[in-house]
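# Survey of secondary and tertiary structure
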Amino acid sequence: AGVATVDAAYIAALAAVPDGPAKAQGVAVGEASAAAIVALREDDRANDAPLVDLDYPQGTAPGEYRFTPDTPFAFAPKWGSVTPFALGASSQFASGPPYPLDSRRYADDFNEVKRLGAREGSERTAEQTEIARFWLESSPLAWNRMARAIARDRGLDMWESARLFGLMNMGMTDGYIATFQEKYVYNFWRPVTAIHEAATDGNNHTDPDPDWQPLVPTPPIPDHDSGHSVEGGVAATIMRQVFGTDKVTFDLCSLTLDAGDTCDDVSPVTRHFTRISDAAVENGESRILVGFHFRHAVVDGIAHGKQIGNWTVSQFMQPADG
């Protein structure tokens, strides 16, 4: 479905360009560039990393990942072995491990997500529930939409925009590769499992609740670090570098709010920001409010993403004039 949508948009865009040598040469350059990238990535091991693994070994000890409710599989456990675009290796900027189960810091994170991320009986405010649902959508979709809006507002020309989106999407691709490497190394349980199994964690400050459920069903991937937070850290860092400032005022809509409130509706709900980094922080915070992640996974994820973003900008697509 995604390929069909892109193909239709491409045909429509080309139809708006007058036929002639310039159009033909542009198409030829684009097709040659695509062919070069496909050839370059031929042995990137993506085809060796199945997205669904029904036989992934579930953990049994406290803290070890096991399948989340209603998802009897692990998602992309080998994605960390895919060759990155910008990073030297998926583990180049490894984040630290999860907190020990018997620590007070773990208990604080546990009780926070238990309190704020629950489907029923949560202490979330109405705005926090909006934030939780607002940022549910695909990270590349949301951050590219944000970058398009800011690029238009700041008057970036075609070359500047090409550099922005090239850097962002290389960086975010590597962000996913790097976070999946982390996730399946630490193999840490998700809050929904931790809260159900808290009687086994050896921590006197956590209490089990076998009926607890997150606001939205948890994705079938280990907790640490938060991939959504990594993506936000990457994208926000690259935008700050390219725009030369963090102080950018913009409004953002979402595709995962209720019908009538989305980007596709007449009067969408928007979130207002005056700094790009604030959007990355709120994006990460949403994963606690929706019940998906412990705060430590979010904080480490944003920091991990910043490192990837800074590396990508410093090593690739440098302006020719320095």
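Our subject is the structure listed above.
Let me sum up the structure you'll find in this document. (Residues numbered from 1 in each chain as written. Predicted model: local features only at pLDDT ≥ 70, side-chain atom pairs only at ≥ 80, totals over all residues. Heavy atoms only, no water.)

### Some thoughts on the overall build of the protein chain
A count of helical and extended segments in the protein chain gives 10 helices and four strands. Each helix and strand of the protein chain, ordered N terminal to C terminal, gives the series α-α-β-β-α-α-α-α-α-α-β-β-α-α. Relative to the compact-globule value of 20 Å for 322 residues, the protein chain shows a C-alpha radius of gyration of 21 Å, a close match. Principal-axis analysis of the C-alpha atoms places the extent of the protein chain at approximately 70 × 45 × 40 Å. Within the protein chain, buried positions represent 46% of all 322 residues. Sequence separation of at least 24 residues holds for 79% of the intrachain contacts in the protein chain that already meet a minimum separation of 6. (Helix = DSSP H or I, 4+ residues; strand = E, 2+ residues; numbered from the N terminus. Rg over C-alpha atoms; globule rule 2.2 N^0.38 Å. Buried < 20%, exposed > 50% of the residue type's maximum accessible area, 1.4 Å probe, protein only. Contact = heavy atoms within 4.5 Å.)

### A closer look at the pattern of salt bridges
The tally for this structure, following the rule as stated, stands at 11 salt bridges. A salt bridge links Arg 271 to Glu 127; the nearest nitrogen and oxygen atoms lie 3.1 Å apart. With Arg 271 in strand 4 (residues 271-273) and Glu 127 in helix 4 (residues 126-134), this residue pair connects regions lying 144 residues apart in the sequence. Here Glu 137 ties to Arg 145 by a salt bridge, and the two come within 2.6 Å at their closest N and O atoms. By the burial criterion, Glu 137 is buried, and Arg 145 matches it. Overlapping salt bridges, with partners in common, bring together Glu 127, Glu 130, Arg 271 and Glu 282 in one network. (Salt bridge = Lys/Arg side-chain N within 4 Å of Asp/Glu carboxyl O.)

### Thoughts on the nonpolar core
If you look at the biggest cluster of nonpolar residues, it comprises 40 residues, and the most contacted ones within it are Trp 135, Trp 143, Met 146, Met 168, Met 239 and Phe 250. When residues in this core are grouped by element, the largest group, seven residues, is from helix 8 (residues 227-243). Not counting the four nearest positions on each side in its chain, Met 146 is found in contact with Trp 135, Met 239, Phe 250, Leu 252 and Ala 279. Membership of the second largest hydrophobic core comes to 16 residues, among which are Phe 110, Phe 188, Trp 189 and Trp 212. (Core = buried A, V, L, I, M, F, W, Y, C linked by side-chain atoms within 4.5 Å.)

### A word on the packing of aromatic side chains
Summed over all chains, the structure comprises 12 aromatic pairs. Through a chain of ring-to-ring contacts, three or more aromatic side chains come together here, namely Phe 134, Trp 135, Trp 143, Phe 250 and Phe 273. The ring of Phe 85 carries the charged tip of Arg 41 above its face, separated from the ring centre by 3.7 Å. (Phe/Tyr/Trp six-rings, centres within 6.5 Å; stacked < 30°, edge-to-face > 60°. Lys NZ or Arg CZ within 6 Å of the ring centre and 35° of its normal.)

### A word on helix 5 (residues 139-153)
For helix 5, built from 15 residues, the straight-helix expectation of 21 Å at 1.5 Å per residue is met to within 8% by its first-to-last C-alpha distance of 21 Å. For helix 5, the complete set of buried residues consists of Ser 139, Ala 142, Trp 143, Asn 144, Arg 145, Met 146, Ala 147, Ile 150 and Ala 151. Of the surrounding elements, those touching the buried residues of helix 5 are helix 6 (158-186), helix 8, strand 3 (250-252) and helix 9 (276-289). Phi turns positive one or two residues past the end of helix 5, at Gly 155, with a value near 70°. (Expected span 1.5 Å × (residues − 1).)

### What to know about the environment of Phe 243
Within the fold, Phe 243 resides in helix 8. We classify Phe 243 as buried; its relative accessible area is 10%. For the pair formed by Phe 243 and Ile 177, sequence separation is 66 residues and the distance between their alpha carbons is 25 Å. For Phe 243, the residues in contact, after removing those within four places along its chain, are Ile 150, Ala 151, Arg 154, Leu 156, Leu 164 and Ile 276.

### Remarks on the side chain of His 304
Within the element layout of this structure, His 304 appears in helix 10 (residues 295-315). Beyond its immediate chain neighbours, meaning those up to four positions away, His 304 contacts Phe 93, Ala 94, Ser 95, Ala 178, Thr 179, Glu 182, Asp 225 and Val 230.

### Comments concerning the packing of helix 8 against helix 10
Pairs of packed helices are described in terms of their axes, by the angle between the two and the distance that separates them. Running from amino to carboxyl end, helix 8 crosses helix 10 at an angle of 40°, the nearest separation of the two axes being 6 Å. By the angle between their axes, helix 8 is oblique relative to helix 10. The interaxial crossing formed by helix 8 with helix 10 has right-handed handedness. Residues Ser 229, Val 230, Gly 233, Val 234, Thr 237, Ile 238, Arg 240 and Gln 241 of helix 8 form the contact with helix 10, whose own contacting residues are Val 298, Gly 301, Ile 302, His 304, Gly 305, Lys 306, Ile 308, Gly 309, Asn 310, Thr 312 and Val 313. (Axes fitted to C-alpha atoms, helices over the stretch in contact; angles between N-to-C directions. Parallel < 35°, antiparallel > 145°, perpendicular 65-115°, else oblique. Left-handed = near helix turned anticlockwise from the far one by under 90°.)

By themselves these figures say nothing about function.
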